[in-house]
Amino acid sequence: QVQLVESGGGLVQAGGSLRLSCAASGRTSSTYAMGWFRQAPGKEREFVAAITWSGGMTIYADSVKGRFTISRDNAKRTVYLQMNSLKPEDTAVYYCAAGSVLVNKPPGYNYWGQGTQVTISS
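The structure presented is a predicted model; accordingly, all values stated were derived computationally and were not measured.

A.B. asks: Would you take a moment to explain the sheet that holds strand β3 (residues 18–26) for this structure?
C.D. replies: Strand pairing in a sheet takes place through backbone hydrogen bonds and is either antiparallel or parallel in direction. One open sheet holds the 4 strands; their spatial order is β1-β3-β8-β7, and the pairing between them is antiparallel. A strand with exactly one partner marks an edge of an open sheet, and here the two such strands are β1 (2–7) and β7 (68–73). Ignoring strand direction, the axes of neighbouring strands in this sheet form an average angle of 15°. Taken together, the 6 bridges between β7 and strand β8 (residues 78–83) define a ladder with antiparallel strand orientation. Counted as the bridge partner of I70 is L81 from β8.

In structure tokens form, the structure reads like this:
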């Protein structure tokens, strides 16, 4: 089992920045990639970004390219999502996920965190 705990959410004004963290514990050696997803009220969960533990390969959703950066600290088994130039449409619950492949779809991830709320005011 892998446990994931997100932190760093909050309320910021449009144009501001936030950094989310996801601390992984347990059998993290069984995971290959870490991803961030988000879900706004009434909408489906959507992919944001993902990164591999080894090599640091990354993929991003088009909607966040150039504004968000995903990174990882292998020693701390922690993944970060730096979010800049935030927009009201970025408002959502952000979830961290761990999986065995680097993909942009929820079924590719086996473990999920509890989520952290990000609210962007206009």
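Still to come is the rest of the account.
A.B. asks: Got a minute to help me understand the packing of aromatic side chains in this structure?
C.D. replies: Given two aromatic rings, their pairing is described by the distance between the two centres and the angle made by the two planes. For the structure shown, the criterion picks out 4 aromatic pairs. Summarising the aromatic geometry, the rings of F37 and F47 are spaced 5.6 Å apart at their centres and angled 70° between planes, so their arrangement reads as edge-to-face. Placement of the pair is F37 in strand β4 (residues 33–39) and F47 in strand β5 (residues 46–52), with a sequence separation of 10 residues. Residue classification places F47 among the buried positions, given a relative accessible area of 10%. With 6.4 Å between their ring centres and 65° between their planes, Y109 and W112 make a pair best called edge-to-face. Each residue in the set F37, F47, Y109 and W112 is aromatic and connected to the rest through ring pairs, giving one cluster.

A.B. asks: Looking at this structure, how should I read the pattern of salt bridges?
C.D. replies: Pairing between side chains becomes possible if they bear opposite charge and their charged atoms approach one another. Taken as a whole, this structure holds 4 salt bridges when the rule is applied. D90 is paired through a salt bridge with R67; the nearest N and O atoms lie 2.8 Å apart. Separated by 23 residues along the polypeptide, D90 in the loop between β8 and β9 (92–99) and R67 in the loop between β6 (58–60) and β7 bring together distant segments of the chain. When its relative accessible area of 1% is taken as the criterion, D90 is described as buried. Taken together, the shared-partner salt bridges connect R38, E46, R67 and D90 into one network.

A.B. asks: In this structure, what is going on with the nonpolar core? I would like to understand it.
C.D. replies: Side chains that are nonpolar tend, in soluble globular proteins, to be buried together. Counting residues in hydrophobic clusters, the biggest one holds 33 residues, and the most contacted among them are M34, W36, L81, M83 and Y94. The contact partners of M83, leaving out residues within four places of it in the chain, are G16, S17, L18, L20, R67, F68, Y94 and V118.

What counts, and where the lines are drawn
Residues numbered from 1 in each chain as written. Predicted model: local features only at pLDDT ≥ 70, side-chain atom pairs only at ≥ 80, totals over all residues. Heavy atoms only, no water. Pairing = 2+ DSSP bridges. Helix = DSSP H or I, 4+ residues; strand = E, 2+ residues; numbered from the N terminus. Axes fitted to C-alpha atoms, helices over the stretch in contact; angles between N-to-C directions. Phe/Tyr/Trp six-rings, centres within 6.5 Å; stacked < 30°, edge-to-face > 60°. Buried < 20%, exposed > 50% of the residue type's maximum accessible area, 1.4 Å probe, protein only. Salt bridge = Lys/Arg side-chain N within 4 Å of Asp/Glu carboxyl O. Core = buried A, V, L, I, M, F, W, Y, C linked by side-chain atoms within 4.5 Å. Contact = heavy atoms within 4.5 Å.

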